[in-house]
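# Coordinates in review
One-letter residues, chain by chain:
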Amino acid sequence: MSRTRTALALGTAAAGAIALASVTASATPAPVAGSTTVTPAGHDFKAVLSGKATLKAGSVTVTCTVSVSTGTVPAAPGNSNPAGPVSSPISPPTYSSCTSSMPGVTPTVTTSGAWGVSMQDGSPITATMTVPTGGLVLKTTGLASCTVTAAPTAPASVAGSWVNGSPSSLTFTNASVPVKVTGGFGCPTSATASVFNAVYKVSDVTDPAQDITVGP
């Protein structure tokens, strides 16, 4: 077979493979999100850190033992979505009693802006926390003066999970958060993402006898 015919045959086969892959891909669309309902509708809630929260950027880990955020479950019918998650605004989480893995360094965390959380029923129930642009800034003083800004250029979605209970829990395990790090010696300026770990216990403030739950 000539080189021309061989090249033509290979090109035809490649085109067929691409066409087949395209048909196969289009035949398996992404799954449609199921219904979600968060109850009790209209109730205020509080999320309190259980244990410790860690934020790791490069070789530096900051650990905080106190963190709190509040919010409100949307009033009916906004607390239910037949085809997707239910979202709620939350107060910027506060972080205090923080320490750094770097000796001689003291970290301070400040938060601001419009934070939010959304819940999607499923197995498991998924949760997404939205960090607004520049909504979390970590600064260190002492032997190293660094500034870590989370979601530096655009809002960021932080993936977590939810478990119903008394109280219910919201967990972030090795969740990735985009960051920008500035500073001098000792600062992880090459880091573009941090790893966030935390468990929050979420309780009903309006009626402490009830629980905040997520279902279909």
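Remember, it's a predicted structure, so these values are computed and weren't measured experimentally. (Residues numbered from 1 in each chain as written. Predicted model: local features only at pLDDT ≥ 70, side-chain atom pairs only at ≥ 80, totals over all residues. Heavy atoms only, no water.)

Right, let's talk about the state of the cysteines for a bit. If you walk through the whole model with that rule in mind, you get two disulfides. The partner cysteine of Cys 64 in its disulfide is Cys 98, sulfur to sulfur 2.0 Å. Looking down the S-S bond of the Cys 64 and Cys 98 bridge, the torsion is 105 degrees, so its handedness is right-handed. Taken together, the residues span a long stretch of sequence, with Cys 64 in strand S4 (residues 60–72) and Cys 98 in strand S7 (residues 94–100) at a distance of 34 residues. A single burial state applies to Cys 64 and to Cys 98, both of which are buried. The partner cysteine of Cys 146 in its disulfide is Cys 187, sulfur to sulfur 2.0 Å. (Disulfide = S-S within 2.5 Å. Helix = DSSP H or I, 4+ residues; strand = E, 2+ residues; numbered from the N terminus. Buried < 20%, exposed > 50% of the residue type's maximum accessible area, 1.4 Å probe, protein only.)

Glancing now at the sheet that holds strand S5 (residues 80–81). Ordered by their spatial adjacency, three strands build an open sheet running S5-S1-S16, and the pairing between neighbours is antiparallel. Each end of this open sheet is capped by a strand with a single partner; those strands are S5 and strand S16 (213–215). Relative to S16, strand S1 (residues 36–39) runs antiparallel, the two sharing three bridges. In the strand pairing of S16, Thr 37 is matched with Gly 215. (Pairing = 2+ DSSP bridges.)

Now for the confidence of the model for the protein chain. When the pLDDT values of the protein chain are averaged, the result is 88; 85% of them are 70 or greater. Within the model, pLDDT remains below 50 along residues 1–28, and this stretch shows one contact once partners closer than five positions in the same chain are excluded. (pLDDT = per-residue confidence, 0-100. Contact = heavy atoms within 4.5 Å.)

A word on the nonpolar core. Grouped together as the largest cluster of nonpolar side chains are 49 residues, with contacts concentrated most on Tyr 95, Val 158, Trp 162, Leu 170, Phe 172, Phe 196 and Tyr 200. Here this core takes six residues from strand S14 (residues 168–183), the largest share from any one element. Look past the residues within four positions of Trp 162 in its chain and what remains in contact with it is Met 119, Ile 125, Ser 168, Ser 169, Leu 170, Val 202, Ile 212 and Val 214. (Core = buried A, V, L, I, M, F, W, Y, C linked by side-chain atoms within 4.5 Å.)

This next bit is on the environment of Thr 140. Looking at the element boundaries, Thr 140 is found in strand S11 (residues 136–142). On the basis of relative accessibility, which here comes to 8%, the residue Thr 140 falls in the buried class. Counting along the chain gives 38 residues from Thr 140 to Met 102, while the straight-line C-alpha distance between them is 9.8 Å. Here Ala 144 takes part through its backbone oxygen, which lies 2.9 Å from a polar atom of the side chain of Thr 140. (Polar contact = N/O pair within 3.5 Å; in protein donor to acceptor, adjacent residues only side chain to side chain.)

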